[in-house]
Amino acid sequence: MADSTSSKRLEFLFLDGNAMVSEVGDMPEIKNLNRAESRDARLSREAEGKRKMFRTGIVLGMVMATSAATAADVVSIEEGLRIATIGGCHDCHTEGFAENGGQVDLAKALMGSHVGFQGPWGTTYPANLRLTLSKMSEDEFVRYGHEVKTRPPMPWFGLHAMTDNELRSIYQYVKSLGAPGEPAPDYVKPGEAPKTPFIVFAPPQIPAN
């Protein structure tokens, strides 16, 4: 009889759990089981959500890496302009670039400067890159970019760090600028007086004790 009653109460419990709370002794255990199942389901959903986010992150990372790789593979005049700008080519090789807030005067772009840089090495001038590249093929410039070493303050090591395609883009950009124009002033040896304005790069001074 007791088994029958218990069975009936359990049957009622699944039909109307609230009505049997005070009568069925096993109710708290069943409620705890339901809570545990609910918690497990919630944790399962959270885990699945994190897996989806992780997969999404991987996909986005692959897309970004692919985009960066694609950009590095692009050879174009536009890419050459971008590299020449962020690489600082215009800073020295285009007169008036810094004074005009980074605006490029196409009539002077990369035609060198008449303002020299003087230091222990003598006085050097930013070269007319249009003229320099007019004497080279694209392949020759790529080799030149990877091998060139010049006097200060030209950061030639920056060219060495560029990829072949980046150098090709610079070449195409420079070639698109028009007529080569006139060469920059010649190098002046140490101890000789320049005939143009110049900026002095003095060696570091050791303070007196």
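Coordinates for the structure precede this section.
Throughout what follows, the structure given in this document is the object of discussion. Residue positions are counted from 1 within each chain, in the order its sequence is given. Per-residue local features are limited, in this predicted model, to residues with pLDDT of at least 70; the limit for side-chain atom pairs, both in listing and counting, is 80 or more; totals at the level of whole chains, interfaces and linings are taken over all residues. Excluded from the side-chain calculation are hydrogens and water; included are all heavy atoms of the structure.

Moving on, we get to the packing of aromatic side chains. Each pair of aromatic rings taken from Phe, Tyr and Trp, with Trp reduced to its six-membered ring, is defined by centres within 6.5 Å and is described as stacked if the planes are under 30 degrees apart, edge-to-face if over 60, and tilted in the remaining cases. All told, the structure shown has 5 aromatic pairs when counted by the stated rule. When the ring of W121 is compared with that of F201, the centres are 6.0 Å apart and the planes differ by 65°; the resulting orientation is edge-to-face. With W121 in the loop between strand 1 (116–119) and strand 2 (122–124) and F201 in the segment after strand 3 (198–200), this residue pair connects regions lying 80 residues apart in the sequence. Measuring from ring centre to ring centre gives 6.0 Å for F141 and Y171, while their planes differ by 35°; the resulting arrangement is tilted. Residue F141 is located in helix 6 (residues 138–147), and its partner Y171 is located in helix 8 (residues 164–175); the two are separated by 30 residues in the primary sequence. In this structure Y171 comes out as buried when scored by relative accessible area, which is 8%. One aromatic cluster is present, built from ring pairs that chain together F117, W121 and F201. Secondary structure counts use DSSP, requiring at least four H or I residues in a row for a helix and at least two E residues in a row for a strand, with both numbered from the N terminus. The classification of residues rests on relative accessible area computed with a 1.4 Å probe and restricted to protein chains. Under 20% of the type maximum is buried, over 50% is exposed, and intermediate values are partly exposed.

Below, the discussion takes up the side chain of T123. With respect to the secondary-structure elements, T123 resides in strand 2. What qualifies as a polar contact is a pair of N or O atoms within 3.5 Å, subject to a donor-acceptor requirement within protein and to the restriction that residues adjacent in sequence count only when both atoms come from side chains. Side chain to side chain, T123 and Q118 meet in a polar contact 3.1 Å long.

Here we take up the packing of helix 3 (residues 77–86) against helix 8. Angles here are taken between N-to-C directions and fall from 0 to 180 degrees, while the axes themselves are lines fitted to C-alpha atoms, restricted in helices to the stretch in contact. The geometry of helix 3 relative to helix 8 is characterised by a closest axis approach of 7 Å and an angle of 100° between their N-to-C directions. Relative to helix 8, the element helix 3 lies roughly perpendicular. For the pair helix 3 and helix 8, contact is made by I77, E79, G80, L81, I83 and A84 and by E166, S169, I170, Q172 and Y173, respectively. Three categories are distinguished: nonpolar for Ala, Val, Leu, Ile, Met, Phe, Trp, Tyr, Cys and Pro, charged for Asp, Glu, Lys and Arg, and polar for the others, with Gly belonging to the last. Counted by class, the contact of helix 3 with helix 8 contains 6 nonpolar, 3 polar and 2 charged residues. An angle below 35 degrees is treated as roughly parallel, one above 145 as roughly antiparallel, one from 65 to 115 as roughly perpendicular, and anything else as oblique. Contacts: residue pairs with any heavy atoms within 4.5 Å of one another.

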